[in-house]
Amino acid sequence: MAKGTIGVTSDNIFPVIKKFLYSDHEIFLRELVSNAIDATQKLKTLAAVGEFKGELGDLTVRIDLNKKKKTVTIADRGVGMTADEIDRYINQIAFSGAEEFLEKYKNDTQAIIGHFGLGFYSSFMVAEKVEIRTKSYKEDAPATVWTCKGDPVYAMEETQKDGRGTDIVLHIDKENEEFLDETRIENLLKKYCRFLPIEIAFGKQKEWKDGKETETEKDRIMNNTHPLWTHKPAELKEEDYQQFYRELYPMSDDPLFHIHLNVDYPFHLTGVLYFPKIKSNIDLHRNRIQLYSNQVFVTDSVEGVVPEYLTLLHGVIDSPDIPLNVSRSYLQSDSSVKKIANYITKKVADQLSDIFKKDRAQFEEKWDDLKIFIQYGMLSDEKFYERALKFALLKNVDGKYFTLDEYKTLVKENQKDKENRLIYLYTSNKEEQYGYIEQAKNKGYDVLVMDGQLDVHFIGQQEQKADKIQFVRVDSDTVDKLIRKDDAPTVALNDEQRTALSTVFESQLPTMDKINFIVTLEQLSPTSNPVLITQNEFMRRMKDMSTMQGGMMSFYGEMPDSYNLVLNTAHPLIEKLLKDEESKLDEKITPIAAEIKSIESKRAELNGKNKGKKDEEIPTADKSEAEELQKKIDALTNEKKELYRRYASENQQVGQLIDLALLANNLLKGEALAKFVKRSVDML
Ligand code: ADP
Ligand code: MG
């Protein structure tokens, strides 16, 4: 029996393996099964070129679990190894500066394992003893058994073995007995080995017989050796892609469409990406793109390999050229990875533009689901932005779709303001802003639906990039002022009438938490609503942005929502109300107003006398007189206000008009709503 020391420069690599690779113990199975597959494929290649002339026979890789002996065995019928090869490939593992390296990458287990060909040695993460029983395909090569107990000393001797190939027997240690569980192994095989190119058998197929589950004679094969992406696109039908999607993500809705990736130069990459149907945010992150290397599952975190906005897609990418075993930061700077990312972006853009050109109806039908991907891409990738300008769509409230160019043409005539800007009107909620949409449409304007998660950002980007385009929400002003063509008609009321209307309505405004109202008067059309609520576009965007970003912007978030309560002075109800108020209050108001006026003129006189004087030069008597006059004015103004207030509170119409406007904006709630209902009934 030969004995020796494993050729690592580090004193003892095993404690290091156990220590640093702790979190990822399960990958031992992936490594050992991959080795078995490699050995099998090597044999197939040798047979194909005529170097191996024997029978290939059954090449199935078999995983065996023995709970009593506490072993897991991975057996293949591949090339096997001669004693000499074990010495070369197993004993003398190329490993220099091991500790330094491990220290550097201790948080990146993938890097350690792959980089230094530690694949086989990962078995020591779970086993206290590992046996290799192997017989080379080479004629007359005796079988060899190699054993090692997780220290640098190994033993090697000749043995008896039926047939060619390699059995790796792992004697699972105490801490890792979880790997003696059938379900655990089954799940690992499903995770890592699902699409490996050689059949992998784990136990026997089971079937239900006489109400009992019994084993059959047939092998239970764990993998699909010819996954869809290994076929040529020409061989595949749409149904095959749908089928494969269900295989990948069993519980999900059918995808919108797929993109088959297939390149040989300057790198190898195959795969299929799907645009999924997204129903909620949770869906977005549940299913992910899976990354394979020659059909071995590597990871489902593809950040760095795939442009960020495309990580929302589903599917698989298989490339032996992605340096999988390096750190993420390295990945992002790797030039072939950059090329791959560019290739994927281009393919995705090509595909979208293709469908758009060939089948616009289908594209429009799927737009609502596609929108988030396309907008995300436009916002985060300049190259994609340029491409997407041709097929990104806008949708209006009538469900019609337009490209950006088409829309510009549509509204060019009618929606230019006096500063020559194109105003794109939009709604963020068709139901809530129904009234405003109707008004805008009646005026001949078009209204877009912008209710997507990224629309706010998309709007910002369009305003910034496209010349002279501004988005304005339909409820951000009265319809005549949404697109300012010329100066709005002035309100034909005198000062006292203005004060009367404003004060009457102000006095009946509800007090709401974090909501302010400013009463304004406008001469709108007599057919517009008598009272309207609008919210300034700029203020609303600031608030929206602050809720999204927090931090610096949270100042705006703290501010109350500010709405305009617009009184339409041309509306018959408002005209009637003003007349009614005048007929009831004029008698009392007129003398008060006259008195205020006379005091004001006295004060003006006094001010004129002392004009241009510094504070200390004004006589004390004049100062105290001015103060007296101001006090009188204040008192009279209050008296007047009190009259208006009392009038307003006794006039049910005022509250009713305000409530109707609130109701139209979804702002009437709770007690206020109940009061409104009661008042409405009373008024009937
Ligand atoms: P890698 O697979 O990256 O070469 P491993 O540590 O996984 O590194 O394996 C080291 C070498 O041992 C392989 O390259 C191969 O030559 C040999 N080997 C491992 N497992 C087998 C096997 N099941 N059959 C034949 N040779 C094997
Ligand atoms: Mg390997």
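Further up the page is the structure itself.
Parameters at a glance
Residues numbered from 1 in each chain as written. Chains lettered and ligands numbered in written order. Predicted model: local features only at pLDDT ≥ 70, side-chain atom pairs only at ≥ 80, totals over all residues. Heavy atoms only, no water. Helix = DSSP H or I, 4+ residues; strand = E, 2+ residues; numbered from the N terminus. Buried < 20%, exposed > 50% of the residue type's maximum accessible area, 1.4 Å probe, protein only. Contact = heavy atoms within 4.5 Å. Areas by Shrake-Rupley, 256 points an atom, 1.4 Å probe, with all protein chains shown as cover. Pairing = 2+ DSSP bridges. Axes fitted to C-alpha atoms, helices over the stretch in contact; angles between N-to-C directions. Core = buried A, V, L, I, M, F, W, Y, C linked by side-chain atoms within 4.5 Å. Domains from an automatic or database assignment. Phe/Tyr/Trp six-rings, centres within 6.5 Å; stacked < 30°, edge-to-face > 60°. Lys NZ or Arg CZ within 6 Å of the ring centre and 35° of its normal. Salt bridge = Lys/Arg side-chain N within 4 Å of Asp/Glu carboxyl O. Expected span 1.5 Å × (residues − 1). Polar contact = N/O pair within 3.5 Å; in protein donor to acceptor, adjacent residues only side chain to side chain.

**Student:** Got a minute to help me understand the overall build of the protein in this structure?
**Tutor:** Assigned secondary structure in the protein consists of 23 helices and 22 strands. Taken over 684 residues, the protein has a buried fraction of 48%. By sequence separation, contacts in the protein at least 24 residues apart represent 71% of the contacts at least 6 residues apart. About 35600 Å² of surface is accessible on the protein, with carbon and sulfur atoms providing 49% of the total.

**Student:** Just to check I follow, could you spell out the sheet that holds strand E21 (residues 531–534) for this structure?
**Tutor:** Two strands in a sheet stick together by hydrogen bonds in their backbones, pointing the same way (parallel) or opposite ways (antiparallel). Read across the open sheet, the three strands follow the order E20-E22-E21; overall the sheet is mixed. The sheet is open, and its two borders are formed by strand E20 (515–522) and E21, each paired with just one other strand. The sheet shows a mean angle of 25° between the axes of neighbouring strands, taken without regard to direction. Pairing analysis gives four bridges linking E21 to strand E22 (residues 561–568), with the strands arranged antiparallel. When the sheet's bridge partners are listed, valine 531 is paired in E22 with leucine 567. Strands in contact with helix H17 (residues 495–506) are E20, E21 and E22; relative to E20, the strand with the most contacts, it is inclined by about 150°.

**Student:** What exactly am I supposed to notice about the nonpolar core here?
**Tutor:** Buried together is how nonpolar side chains tend to be arranged in soluble globular proteins. Grouped together as the largest cluster of nonpolar side chains are 60 residues, with contacts concentrated most on Phe275, Ile317, Ile344, Leu352, Phe363, Ile374 and Phe384. Top contributing element to this core by residue count: helix H10 (residues 335–358), with nine residues. There are two domains that each give this core at least three residues, and those are domain 2 (228–369) and domain 3 (392–482).

**Student:** Looking at this structure, how should I read the environment of glutamate 463?
**Tutor:** Looking at the secondary structure, you find glutamate 463 in helix H15 (residues 455–465). Residue glutamate 463 is classed as partly exposed on the basis of its relative accessible area of 22%. Those residues in contact with glutamate 463, other than ones at most four positions away along the chain, are Ile469, Gln470, Phe471 and Arg541.

**Student:** Would you explain the sheet that holds strand E19 (residues 469–473) in this entry?
**Tutor:** Read from one edge of the open sheet, three strands run E18-E17-E19, paired in parallel fashion. Where the open sheet ends on each side, the last strands, each with one partner, are strand E18 (447–449) and E19. Between one strand and the next, the sheet's axes are offset by a mean angle of 40°, whatever the strand orientation. The sheet strands contacting helix H13 (residues 404–411) are strand E17 (422–427), E18 and E19, and the helix crosses E17 at an angle near 105°.

**Student:** What is the right way to read the packing of aromatic side chains from this model?
**Tutor:** Pairs of aromatic rings are described using the distance from one ring centre to the other and the angle between the two planes. Summed over all chains, the structure comprises 29 aromatic pairs. Seen from their ring centres, phenylalanine 363 and tryptophan 367 are 6.1 Å apart, and the 35° between their planes marks the pair as tilted. With phenylalanine 363 and tryptophan 367 both in helix H11 (residues 360–380), this residue pair falls four residues apart, about one helical turn. Here the two residues phenylalanine 363 and tryptophan 367 agree in accessibility, since each one is buried. Site record: aromatic cluster; members linked through ring pairs are Tyr309, Phe356, Phe363, Trp367, Tyr376, Phe384 and Phe391. Note that lysine 465 overlies the ring of tyrosine 385, its terminal NZ or CZ placed 4.3 Å from the centroid.

**Student:** Sorry, what's going on with the pattern of salt bridges here?
**Tutor:** Should their charged atoms come close, side chains of opposite charge can pair. Evaluation of the coordinates by the stated rule reveals 43 salt bridges. Close ionic contact of arginine 387 with aspartate 350 constitutes a salt bridge, the shortest N to O distance being 2.9 Å. Of the two residues, arginine 387 is situated in helix H12 (residues 382–388) and aspartate 350 in helix H10; the sequence distance between them amounts to 37 residues. A relative accessible area of 26% places aspartate 350 in the partly exposed class.

**Student:** Would you mind showing me how to read helix H21 (residues 620–650) here?
**Tutor:** For an α-helix, 3.6 residues make a turn, and residues three or four places apart therefore share a direction. With 31 residues, H21 should cover 45 Å at 1.5 Å per step; its first-to-last C-alpha distance of 45 Å lies within 8% of that length. Here H21 has its buried residues at Asp622, Leu629, Ile633, Leu636, Lys640, Leu643, Tyr644, Tyr647 and Ala648. Lining the buried residues of H21 we find H17, helix H20 (572–609) and helix H22 (652–664).

**Student:** For this particular structure, what's the right way to read the side chain of asparagine 223?
**Tutor:** Turning to its location among the elements, asparagine 223 is positioned in the loop between strand E9 (212–221) and helix H7 (238–248). With relative accessibility at 11%, the residue asparagine 223 sits in the buried group. Here isoleucine 198 takes part through its backbone oxygen, which lies 2.7 Å from a polar atom of the side chain of asparagine 223. A distance of 2.9 Å separates a polar atom in the side chain of asparagine 223 from the backbone nitrogen of isoleucine 200. Setting aside residues no more than four positions away along its own chain, asparagine 223 makes contact with Cys193, Arg194, Phe195, Leu196, Ile198, Glu199 and Ile200.

Taken by themselves, the reported measurements are silent on function.
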